[in-house]
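# Tertiary structure, described
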Amino acid sequence: MKKLFCLAVVILALSACTQDVYEKGEGPYSRMLAEMVVAHANSDKQIDYVVTDENERLVTAPPFTTSWITTADSTYRGILYYNKGDKQAEAISFNRVTVLAPQQIKDVKTDPVKVETCWVSTNQTYLNLGVRLMVGSTTDTDAKQLVAAHLVGKKQNIDGTKTVFLQFYHDQNGVPAYYSHRSYFSIPLSGLNADSVSISINTYEGTTTHVFPMN
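The structure reproduced in this document is the subject of the present report. (Residues numbered from 1 in each chain as written. Predicted model: local features only at pLDDT ≥ 70, side-chain atom pairs only at ≥ 80, totals over all residues. Heavy atoms only, no water.)

A separate point is the overall build of the chain. Across its full length, the chain carries 1 helix and 14 strands. Sorting the 215 residues of the chain into buried and exposed places 45% on the buried side. Taking the intrachain contacts of the chain between residues at least 6 apart in sequence as the baseline, contacts between residues at least 24 apart amount to 65%. As presented, the chain carries roughly 11300 Å² of accessible surface, and 48% of it is formed by carbon and sulfur atoms. (Helix = DSSP H or I, 4+ residues; strand = E, 2+ residues; numbered from the N terminus. Buried < 20%, exposed > 50% of the residue type's maximum accessible area, 1.4 Å probe, protein only. Contact = heavy atoms within 4.5 Å. Areas by Shrake-Rupley, 256 points an atom, 1.4 Å probe, with all protein chains shown as cover.)

This next bit is on the sheet that holds strand β3 (residues 47–52). Overall, mixed pairing links the 5 strands, which are arranged β2-β3-β4-β6-β5 in a closed barrel. Strand-to-strand, the axes of this sheet are offset by a mean angle of 50°, without reference to chain direction. Bridging between strand β5 (residues 74–84) and strand β6 (residues 88–96) involves 7 bridges; their strand directions are antiparallel. Note on β6: the bridge partner recorded for Gly-78 is Arg-96. (Pairing = 2+ DSSP bridges. Axes fitted to C-alpha atoms, helices over the stretch in contact; angles between N-to-C directions.)

What follows covers unusual backbone geometry. In this model, Ala-61 is joined to Pro-62 through a cis peptide bond whose omega is 0°. In this fold, Pro-62 is placed in strand β4 (residues 57–64). One non-glycine residue, Asp-73, adopts positive backbone phi at about 50°. In this fold, Asp-73 is placed in the loop between β4 and β5. In this structure, Lys-87 is a non-glycine residue whose phi angle is positive, near 60°. Mapping Lys-87 onto the fold places it in the loop between β5 and β6.

Okay, the pairing of strand β2 (residues 32–41) next. Most of β2 sits inside the fold, with 9 of its 10 residues counted as buried. Where β2 meets β5, 10 bridges bridge the pair, whose relative direction is antiparallel. Bridged to Ala-39 within β5 is Tyr-76. Where β2 meets β3, 5 bridges bridge the pair, whose relative direction is antiparallel. Opposite His-40, over in β3, you have Tyr-49 as the bridge partner. The turn joining β2 and β3, which pair antiparallel and follow one another in sequence, is formed by 5 residues; a positive phi near 60° is taken by Lys-45.

Below is the structure:
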């Protein structure tokens, strides 16, 4: 089933993906880190531990929750801002990252976006995108941006390796383009069975393509 994400719901205002030190000194945020993680929600819908993109498991002390943690015993993708202890994370804030599962789409929309960053997680489980979408207020309730990850196909290279090709799907869908809004997306790579992944993204300067190895 084709699943497109409505940006009227999932747009998030996030800061930088990785940040070693928020500020100098010994203030409340002097040890703050910001990392992409997979967070586990326990039976009380509280995040009790996270796994970073470097496969480090950190217990959240104390456990925490947010308004969008709605399912018990489940996992969520997000950017965690935290102070790090010994195998522990003291959460400061947690922002959700939309996961776009690769899928084949017949009518592909490629309205332009502004690409800020694109990278594969250290554990190679996700292809991550940081983009700016043009947004604006409107009285049209049907005007909602849509995003997805279009699975173009797979190709065997001359050296025998295989590359999976993706296309970032974006439908402006009547939303006014008054100002830019930063959003992050993660595309899961498990099950693609390839040696590398290529993603094409239409920008205001033309199409850009990013290729990453998958070991």
